[in-house]
Amino acid sequence: MSFRFRFVFVVFYFTAILILAVYLRSANDRIFYELCTYRGEQSRLKQKLGTKQLLLEGLINPAAISQRLDKGN
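Conventions used here
Residues numbered from 1 in each chain as written. Predicted model: local features only at pLDDT ≥ 70, side-chain atom pairs only at ≥ 80, totals over all residues. Heavy atoms only, no water. Helix = DSSP H or I, 4+ residues; strand = E, 2+ residues; numbered from the N terminus. Rg over C-alpha atoms; globule rule 2.2 N^0.38 Å. Buried < 20%, exposed > 50% of the residue type's maximum accessible area, 1.4 Å probe, protein only. Areas by Shrake-Rupley, 256 points an atom, 1.4 Å probe, with all protein chains shown as cover. Lys, Arg positive; Asp, Glu negative; His and termini not counted. Charge placed at Lys NZ, Arg CZ, Asp CG, Glu CD. Patch = residues over 30% accessible without salt bridge, like charges linked within 9 Å, V, L, I, M, F, W, Y side chains within 5 Å. Salt bridge = Lys/Arg side-chain N within 4 Å of Asp/Glu carboxyl O. Phe/Tyr/Trp six-rings, centres within 6.5 Å; stacked < 30°, edge-to-face > 60°.

> In this structure, what is going on with the overall build of the protein chain? I would like to understand it.
Of the regular secondary structure elements, the protein chain holds two helices and zero strands. Scaling as 2.2 N^0.38, a compact globule of 73 residues should have a C-alpha radius of gyration of about 11 Å, whereas the protein chain reaches 31 Å, well beyond that. Counting only C-alpha atoms, the protein chain reaches 105 × 15 × 10 Å along its principal axes. Expressed as a percentage of its 73 residues, the buried residues of the protein chain come to 3%. Split by element, the accessible area of the protein chain, about 7300 Å² in all, is 68% carbon and sulfur. The distance from the centre of the 11 positive side-chain charges to the centre of the 5 negative ones in the protein chain is 12 Å.

And the structure:
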């Protein structure tokens, strides 16, 4: 009787360990996917910011300002 109880306990223990391992693996994959998504979004926003910064620098460039002033007169 004791052997049967130990056997059931060991099987239950290993089953619980395997379920926990699968859960942690899926959580790890989900976090990795979210991290990659956020990195992609961050890269896209940096590119957008760089484009806007170049546009702004073009607008406040002294040569561009003098060109606009010359066209206005």
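Resuming the write-up.
> Explain a nonpolar patch on the surface to me, please; I cannot follow it from the model alone.
Where nonpolar side chains cluster on the molecular surface, the patch consists of F5, F9, V10, Y13, F14 and I17 and spans about 650 Å² of accessible area. With respect to the helices and strands, F9 occurs in helix α1 (residues 2-60).

> How should I be thinking about the packing of aromatic side chains in this particular structure?
Aromatic ring pairs are described here by two measures, namely the spacing of the ring centres and the angle between the planes. Taken as a whole and judged by the stated rule, the model has two aromatic pairs. With 6.5 Å between their ring centres and 25° between their planes, F9 and Y13 make a pair best called stacked. Of the two residues, F9 and Y13 are both situated in helix α1; the distance of four residues between them amounts to about one turn of the helix. With centroids separated by 5.9 Å and ring planes inclined at 65°, the aromatic side chains of Y13 and F14 adopt a geometry described as edge-to-face. Grouping aromatic residues by their ring pairs yields a cluster made of F9, Y13 and F14.

> I would appreciate a short explanation of the environment of R4 in the present structure.
Turning to its location among the elements, R4 is positioned in helix α1. Accessibility expressed as a relative area gives 62% for R4, which makes it exposed. Put simply, R4 and N28 are 24 residues apart on the chain and 36 Å apart in space, counted from C-alpha to C-alpha.

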